[in-house]
Amino acid sequence: MIDFVNLTAENLADEHLCCIIRSKKPHPGVEVKRQWLSERLDEGHVFRKLNEKAVVFIEYAPLETAWVPITGDNYYYIYCLWVSGNYKGKGYGKALMEYCLTDAKKKGKSGVCMLGAKKQKSWLSDQSFAMKFGFEVVDTTENGYELLALSFDGTVPQFAGNAKKLSIDSQILTIYYDMQCPYIHQNVEMIKRYCETHKIPVDLIKVDTLRKAKELPCVFNNWSVFYKGKFETVNLLDVSYLERILKKREKQ
């Protein structure tokens, strides 16, 4: 019997947030994540995890209240489905996906969708795994991101028109972020320090409302990077990745 637990207002303060299991020290992003979740649970947001200190969880929400520039009626949106380390290959991912699909059907949803890409990208759930359950590509962007959906009634969601823009007027390094992922807090602090040290102008834009998320000029899962007006990635950055982005655009 697989023992899973769903986060609720009653247990949120005490449950382990498994996406930061690799950190043995107190993690500054944890409480920020808890606060973000506390404001989402009443919207139907679901965080389901293995009842152990392990990276085994799924996080999804009604598309209408999901902080992504995707439009559609009566869908669930999967933010994350993650099984890591020794827990792979034991059926946990299948159990989590089946729970989400069953929940969607019980709630009378039209389907479930998630962000993917033509080539698997870091920080995105495995789209090949999703396709085994019948997910199909229903929309794309020019730079290779895909919207995957499993429809129960023939309707499909789509990227908002603004999500396909992939450009902004500002030429400086610009990062849109929300506080859903526990790693974002430390990533923002790292970028602030790096840019201050190297005197690089940067605009860190906190996406703190649903409306801002829905109106973003790019695909978004909680983080998006622009430089020289062009969209770069939804991946979190380390110093070497940031330096590659800066150097690449300087040469163009």
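Look above for the structure.
Definitions and cut-offs
- Per chain, residues are indexed from 1 in the order of the written sequence.
- Predicted model: local features are reported for residues with pLDDT of at least 70 only, side-chain atom pairs are reported and counted for 80 or more only, and whole-chain, interface and lining totals are derived from all residues.
- Side-chain measures here rest on the full set of heavy atoms in the structure, leaving out hydrogens and waters.
- Helical segments are the DSSP runs of H or I of at least four residues, strand segments are the runs of E of at least two, and each set is numbered from the N terminus.
- Each radius of gyration reported is based on C-alpha atoms, and the globular scaling rule is 2.2 Å times the count of residues to the power 0.38.
- Only protein chains enter the accessibility calculation, which uses a 1.4 Å probe. A residue is then buried if its area is under 20% of the maximum for its type, exposed if over 50%, and partly exposed in between.
- Between two residues, a contact is recorded if the distance between any of their heavy atoms is within 4.5 Å.
- In this description, accessible areas are obtained by the Shrake-Rupley approach with a 1.4 Å probe, and a residue is regarded as covered only by the protein chains that are shown.
- For the purpose of counting charges, residues Lys and Arg are taken to be positive, whereas Asp and Glu are taken to be negative. His and the chain ends are not included.
- For charged residues, the charge sits on one atom: NZ in Lys, CZ in Arg, CG in Asp, CD in Glu.
- Any two strands with at least two DSSP-identified bridges between them are counted as paired.
- A clockwise path from the first strand over the helix to the second, with the strands pointing away from the viewer, defines a right-handed crossover.
- We count a salt bridge whenever a side-chain nitrogen from Lys or Arg sits within 4 Å of a carboxyl oxygen from Asp or Glu.
- In a helix, the anticipated span is given by 1.5 Å times the number of residues less one.
- We define a nonpolar core as any set of buried Ala, Val, Leu, Ile, Met, Phe, Trp, Tyr and Cys residues linked to one another through side-chain atoms lying within 4.5 Å.
- Angles here are taken between N-to-C directions and fall from 0 to 180 degrees, while the axes themselves are lines fitted to C-alpha atoms, restricted in helices to the stretch in contact.

Student: I tried to follow the overall build of the protein on my own but got confused; where do I start?
Tutor: Each helix and strand in the protein was counted, giving six helices and 13 strands. Its C-alpha atoms give the protein a radius of gyration of 18 Å, near enough to 18 Å, the size a compact globule of 252 residues would have. Along the first, second and third principal axes, the C-alpha atoms of the protein reach 55 × 45 × 35 Å. Sorting the 252 residues of the protein into buried and exposed places 52% on the buried side. Counted over contacts in the protein with a minimum sequence separation of 6, partners at least 24 positions apart contribute 64%. Here the protein displays about 12400 Å² of accessible surface, and carbon together with sulfur accounts for 49% of that area. Both charge centroids of the protein, one from 36 positive and one from 31 negative side chains, sit 6 Å from each other.

Student: Could you clarify how one ought to interpret the pairing of strand β11 (residues 202-206) in this entry?
Tutor: The side chains of a regular strand alternate between the sheet's two faces. Where strand β10 (residues 173-177) and β11 come together, five bridges link them in parallel fashion. What sits directly across from Ile175, in β11, is Leu204. In terms of handedness, the path from β10 via helix α4 (residues 182-197) over to β11 forms a crossover that is right-handed.

Student: Just to check I follow, could you spell out the pattern of salt bridges for this structure?
Tutor: Once their charged atoms are close, side chains differing in charge can pair, the charge on each being opposite to the other. Applying the stated criterion across every chain, the model contains eleven salt bridges. Glu59 is paired through a salt bridge with Lys33; the nearest N and O atoms lie 2.9 Å apart. Of this pair, Glu59 sits in strand β3 (residues 56-62) while Lys33 sits in helix α1 (residues 28-38); the two residues are 26 residues apart in sequence, bridging distant segments of the chain. Three or more residues are tied together by salt bridges with common partners; here these are Glu39, Arg40 and Glu43.

Student: Can you walk me through helix α2 (residues 92-106) in this structure?
Tutor: Given 3.6 residues per helical turn, the α-helix brings residues three or four places apart onto the same face. Its 15 residues place the ends of α2 21 Å apart at the C-alpha level, agreeing with the 21 Å of an ideal helix rising 1.5 Å per residue. Restricting attention to buried positions, one finds in α2 the residues Tyr92, Gly93, Leu96, Met97, Cys100, Leu101, Asp103 and Ala104. Positive backbone phi, at 75°, marks Gly108, one or two positions downstream of α2.

Student: Mind showing me how you'd approach the nonpolar core here?
Tutor: Nonpolar side chains tend toward joint burial in soluble globular proteins. Residues Tyr77, Tyr79, Ile191 and Trp223 are the most contacted members of the largest nonpolar core, which totals 63 residues. Top contributing element to this core by residue count: α4, with seven residues. Contacts of Trp223, omitting those with residues within four sequence positions, involve Ile175, Tyr176, Tyr177, Ile184, Asn187, Val188, Ile191, Thr233, Val234, Asn235, Leu236 and Leu237. In this structure, Tyr76, Ala104, Val112 and Leu148 belong to the second largest nonpolar core, which totals 23 residues.

Student: Would you mind showing me how to read the sheet that holds strand β8 (residues 145-151) here?
Tutor: Backbone-to-backbone hydrogen bonds pair the strands of a sheet. The strands run either parallel or antiparallel. What the seven strands build is an open sheet, ordered β1-β2-β3-β5-β6-β8-β7; its pairing is mixed. The open sheet has two edge strands, β1 (4-6) and β7 (136-140), and neither has a second partner. Geometrically, the sheet is characterised by an average inter-axis angle of 30° between neighbouring strands, direction not taken into account. The pairing of strand β2 (residues 46-50) with β3 spans four bridges and is classified as antiparallel.

Student: Before we go on, may I ask you to explain the pairing of β10 in this structure?
Tutor: Summarising burial for β10: five of the five residues are buried, a large majority. Of the two faces of β10, both are covered, the one formed by Leu173, Ile175 and Tyr177 as well as the one formed by Thr174 and Tyr176. The pairing of β10 with strand β12 (residues 223-227) spans four bridges and is classified as antiparallel. Among the inter-strand pairings, Thr174 is bridged to a residue of β12, identified as Phe226.

Student: I'm lost on the environment of Met97 in this one. Help?
Tutor: Within the element layout of this structure, Met97 appears in helix α2. For the pair Met97 and Phe133, spaced 36 residues apart in sequence, the C-alpha to C-alpha distance is 8.5 Å. The residues touching Met97, leaving out its near neighbours within four places in the chain, are Ile58, Ile78, Leu81, Phe129, Ala130, Phe133 and Phe135.

Purely spatial values, then, with no claim about function.
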